[in-house]
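This is what each chain is made of:
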Amino acid sequence: MLTSFYKMHGLGNDFVILDERTGDLPLTPGRIAALAHRRRGIGCDQLVTLRAPTADGADVLVRFFNPDGSEAGACGNASRCVADLVWRCSGNATPVLQTRAGVLPTSRTSDGLITVDMGAPRTHWQDVPLAMAVDTLHLPLPGDPAAASMGNPHATFFVSDFGMVAQGHALEHDPIFPERANIGFARMDGPHHMRLKVHERGAGVTEACGSGACAAVVNAVRRGLAARTCTVELDGGTLHIVWSEQTGHVLMTGSATTAFEGTVDLAAYPS
Ligand SMILES: N[C@H](CCC[C@H](N)C(=O)O)C(=O)O
């Protein structure tokens, strides 16, 4: 049986999107890993599934899976892609996404970019989560990172160069992060401009990480390093982040691009 999929990306952070609204697909962590494999599968940084929503006011339920088969509570770049896909398929320019991180409103700008209301960051140590009660603004690790949750765990190191990126895998697995963590390396180029690279949990270094950009700006604002409106330059392009003083929510704006559509025989992949 062939299953249709969309291949999309946000700034080079790429996704296989599968629609389960017309029926459950036989997805397992092993099959997700096989589909995500760059040589043996379709290849992606995250596999995304769409289902009928269960929350009031939501248009679609979205789940995000890493190439190691683990599930992520949030994914900013994929959220923009899903918003774009729903708009193209239904004409709804403001779809509301139900995710494990909450119910996220989206909208389109006049120049075709997409804004996702990523919700309020959480900065209590138990919410990141961290293994022990520490100040999330200064984790007891070399390099003095800060931590925050955007529905998934992030640590941000403020750096002057990117030599530390190679330590991303070891940091992801540091015992201070009981659910592992996405590790960001941010260089501030003034209060309104940040250069960011992210080692993603379960995926490795990606060209862009939307939730990582949100968390990095939140942590930079908390450190007094950034303004609440900040442009984040990632390897794959630019995101505009606003941490609203009024609502406490983080608004992320950027592009969403369809690479191709295809069909795949899921049963041909090991489960
Ligand atoms: N690429 C995503 C984040 C995926 C996060 C995932 N690696 C996790 O385990 O939390 C983004 O644009 O926000």
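The protein is annotated in an unreviewed UniProt entry as Diaminopimelate epimerase from Acetobacter fabarum. As its UniProt record puts it under Pathway (unreviewed entry), the protein is described as follows: "Amino-acid biosynthesis; L-lysine biosynthesis via DAP pathway; DL-2,6-diaminopimelate from LL-2,6-diaminopimelate: step 1/1." We quote the UniProt Function (unreviewed entry) comment for the protein here in full: "Catalyzes the stereoinversion of LL-2,6-diaminopimelate (L,L-DAP) to meso-diaminopimelate (meso-DAP), a precursor of L-lysine and an essential component of the bacterial peptidoglycan."

Right, let's talk about the site of the ligand for a bit. With respect to spatial proximity, 15 residues lie near the ligand, and among them N13, G76, R201, G210 and S211 are the closest. Between the ligand and the protein, one listed contact pairs an oxygen atom with a side-chain N or O atom of N152 at 3.0 Å. The separation between an oxygen atom of the ligand and a polar side-chain atom of R201 is 2.7 Å. Coverage of the ligand by the protein chains reaches 100% of its 370 Å² of free accessible surface.

Next up on the list: the side chain of T156. Along the polypeptide, T156 turns up in strand 10 (residues 153-158). The class of T156 is buried, set by a relative accessible area of 2%. The residues touching T156, leaving out its near neighbours within four places in the chain, are P145, A146, G184, A186, A215, A216 and N219.

Mapping R201 onto the fold places it in the loop between strand 12 (193-200) and strand 13 (204-206). Buried within the structure, R201 lacks any salt-bridge partner; E179 is the closest side chain of opposite charge, at an N-O distance of 4.6 Å. Separated by 2.8 Å, the side chain of R201 and the backbone oxygen of E179 make a polar contact. What R201 contacts, discounting residues up to four positions off in sequence, is N66, E71, A72, G73, N152, P153, E172, E179, R180, A181 and N182.

This brings us to the UniProt feature "binding site: substrate" (unreviewed entry) in the protein. UniProt tags N13, Q46, N66, G76, N77, N152, N182, E200, R201, G210 and S211 as "binding site: substrate" (unreviewed entry). Within the annotated group, the residues that form the lining of the largest cavity are N13, Q46, N66, G76, N77, N152, N182, E200, R201, G210 and S211. For G76, the location among the structural elements is in helix 2 (residues 76-90). Aside from chain neighbours lying at most four places away, what touches G76 is M118, G210, S211 and M252. Residue position: N152 is located in the loop between strand 9 (146-149) and strand 10. Residue classification places N152 among the buried positions, given a relative accessible area of 4%. Those residues within four positions of N152 in sequence are excluded, and the remaining contacts are G73, A74, V128, N182, R201 and S211. In this structure the side chain of N152 is engaged in a polar contact, spanning 3.0 Å, whose partner is the side chain of H154.

The subject of this paragraph is the pattern of salt bridges. In the structure shown here, the tally under the stated rule is 17 salt bridges. Between R21 and D19 there is a salt bridge, with the nearest N and O atoms lying 3.0 Å from each other. When its relative accessible area of 40% is taken as the criterion, R21 is described as partly exposed. A salt bridge links R180 to D68, with the shortest nitrogen-to-oxygen separation between them at 3.1 Å. In this pair, R180 sits in the loop between helix 3 (168-172) and strand 11 (182-188) while D68 sits in the loop between strand 4 (60-65) and strand 5 (71-72), placing the two residues 112 residues apart along the sequence.

Looking now at the pairing of strand 3 (residues 46-51). On a regular strand, one side chain projects to one face of the sheet and the next to the other, so that they alternate. With five of its six residues buried, strand 3 lies for the most part within the structure. Alignment of strand 2 (residues 13-19) against strand 3, held across five bridges, turns out to be parallel. Bridging from a neighbouring strand, V16 pairs with L47 of strand 3. Note that the unit made of strand 2, helix 1 (residues 29-36) and strand 3 has a crossover that is right-handed. Strand direction decides the pairing type here: strand 3 and strand 4, joined by five bridges, are antiparallel. Across the sheet, the residue bridging to T49 is R63, located in strand 4.

The relative placement of two aromatic rings is captured by the distance of their centres and the angle of their planes. If you walk through the whole model with that rule in mind, you get two aromatic pairs. Seen from their ring centres, F5 and F260 are 6.0 Å apart, and the 80° between their planes marks the pair as edge-to-face. In this pair, F5 is assigned in strand 1 (residues 2-10) and F260 in strand 17 (residues 257-265), connecting sequence segments 255 residues apart. A relative accessible area of 6% means that F5 is categorised as buried. When the ring of F157 is compared with that of F185, the centres are 5.6 Å apart and the planes differ by 20°; the resulting orientation is stacked. Note that F157 is positioned in strand 10 and F185 in strand 11, a separation of 28 residues in sequence. The residues F157 and F185 share a single accessibility class, namely buried.

So, how was this worked out
- Residue positions are counted from 1 within each chain, in the order its sequence is given.
- Confidence filtering applies because this is a predicted model: local features only for residues at pLDDT of at least 70, side-chain atom pairs given and counted only at 80 or more, and all residues used for totals across whole chains, interfaces and linings.
- Each side-chain value is derived from all of the structure's non-hydrogen atoms; neither hydrogens nor water enter the calculation.
- UniProt positions are given in the numbering used here, feature names are shortened, and annotations may be inferred rather than shown by experiment.
- Note on terminology: near, applied to a residue and a molecule or strand, indicates that one of the residue's heavy atoms is within 4 Å of it.
- Contacts described as polar in this section are N or O atom pairs within 3.5 Å, which, within protein, must combine one atom able to donate a hydrogen with one able to accept it, while residues neighboring in sequence count only if both atoms come from side chains.
- Exposure was quantified through the Shrake-Rupley algorithm and a 1.4 Å probe, taking into account, for residues, occlusion by the shown protein chains and nothing else.
- A run of DSSP states H or I qualifies as a helix once it reaches four residues; a run of E qualifies as a strand once it reaches two. Both are numbered from the N-terminal end.
- Remark: exposure states derive from per-residue accessible area (1.4 Å probe, protein chains only) relative to the maximum for the residue type, with buried under 20%, exposed over 50%, and partly exposed in between.
- By definition, residues are in contact when any of their heavy atoms lie within 4.5 Å.
- Note that His is not counted, nor are the chain ends; the positive residues are Lys and Arg, and the negative ones are Asp and Glu.
- Salt bridges, as used here, are contacts in which a Lys or Arg side-chain nitrogen is within 4 Å of a carboxyl oxygen on Asp or Glu.
- Grid spacing is 1 Å over the protein atoms alone, the probe is 1.4 Å, and a cavity is where that probe fits but cannot get out, while a pocket is an open set with protein on both sides within 12 Å along at least five of seven lines and lining residues have an atom within 4 Å of a point.
- Pairs of strands are assigned from DSSP output, requiring at least two bridges between the strands.
- A clockwise course of the path from the first strand over the helix to the second, judged with the strands pointing away from the viewer, identifies a crossover as right-handed.
- For Phe, Tyr and Trp, where Trp contributes only its six-membered ring, two rings pair if their centres lie within 6.5 Å, and the inter-plane angle classes them as stacked under 30 degrees, edge-to-face over 60, or tilted in between.

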